[in-house]
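Structural description and commentary
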Amino acid sequence: VAVFLGLAETVAPVEPTAPIESIPVVEVQAGKPVSADPQQVLSQAISVIDKIHLLNIFAGGYFCSNDFQDAAIFLEEAIKLDAKNDETLSNLAVLAHAMKKKEEALAYVSRMSWTDFRLLDMLRK
């Protein structure tokens, strides 16, 4: 991103926490992830951090296609793995806001380890 924005000339490569070939590919058809089963992610032999991240990626696909119910299913599985994961808490807050559940959204934000002013600004509107 920094290179794309012209803020840096090069970026050091990031080492993945799991071998690339062991991370499942997220396939998309008609704007939605192909799988609606978080168990496929949970059963992978990858780190908990990678599982949480993949669950959030799938949730994002459903969120973008306005399928909030399936997005919630993936995020609920992610929060079970780590109740303090900021990525998941932030995504749950945005999802709750999109579902017009302002108090629930604020509750998720209050559990985050840092204060996200952009998220708070969005929620107060």
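Thoughts on the overall build of the chain
Summing up its helical and strand segments, the chain has six helices and two strands in all. In the chain, the succession of helices and strands from N to C terminus is β-β-α-α-α-α-α-α. Per-residue burial over the chain gives 34% buried out of 125 residues. Within the chain, contacts between residues at least 6 apart in sequence are counted, and of these 49% link residues at least 24 apart.

A short note on the pattern of salt bridges
Charged atoms that come close allow side chains of opposite charge to pair. Scanning the model with the defined rule gives three salt bridges in all. The partner of Lys 80 in a salt bridge is Glu 77, and the shortest N-O contact between them spans 3.2 Å. A residue pair is termed a helical-turn pair when its members lie 3 or 4 positions apart in one helix, as Lys 80 and Glu 77 do in helix α3 (residues 68-81) at three residues. Salt-bridge contacts for Asp 121 lead to Arg 124; the nearest nitrogen and oxygen are separated by 3.0 Å. Exposure remark for Asp 121: the relative accessible area of 26% places this residue in the partly exposed category. The class of Arg 124 is exposed, set by a relative accessible area of 63%. Through salt bridges with shared partners, a single network forms among Asp 121, Arg 124 and Lys 125.

Quick word on the environment of Lys 101
With respect to the helices, strands and loops of the structure, Lys 101 is situated in the loop between α4 (86-98) and α5 (102-110). On the basis of relative accessible area, Lys 101 is assigned to the partly exposed category, the value being 36%. With 22 residues separating them along the chain, Lys 101 and Leu 123 place their C-alpha atoms 9.9 Å apart.

A short note on the environment of Leu 89
With respect to the helices and strands, the residue Leu 89 is situated in helix α4. Judged by its relative accessible area of 0%, Leu 89 falls in the buried class. Sequence separation between Leu 89 and Leu 75 is 14 residues, and the spatial gap between their C-alpha atoms is 8.6 Å. Sequence-distant contacts of Leu 89, defined by excluding residues within four places in its chain, comprise Ile 79, Ala 83, Lys 84, Tyr 108, Arg 111 and Met 112.

Some thoughts on unusual backbone geometry
Its identity as a non-glycine residue notwithstanding, Asn 66 has a phi of 60°, on the positive side. With respect to the secondary-structure elements, Asn 66 resides in the loop between α2 (48-64) and α3. Despite not being glycine, Lys 100 shows a phi value in the positive range, around 65°. Here Lys 100 lies in the loop between α4 and α5.

Reading the values: rules and limits
- Residues numbered from 1 in each chain as written.
- Predicted model: local features only at pLDDT ≥ 70, side-chain atom pairs only at ≥ 80, totals over all residues.
- Heavy atoms only, no water.
- Helix = DSSP H or I, 4+ residues; strand = E, 2+ residues; numbered from the N terminus.
- Buried < 20%, exposed > 50% of the residue type's maximum accessible area, 1.4 Å probe, protein only.
- Contact = heavy atoms within 4.5 Å.
- Salt bridge = Lys/Arg side-chain N within 4 Å of Asp/Glu carboxyl O.

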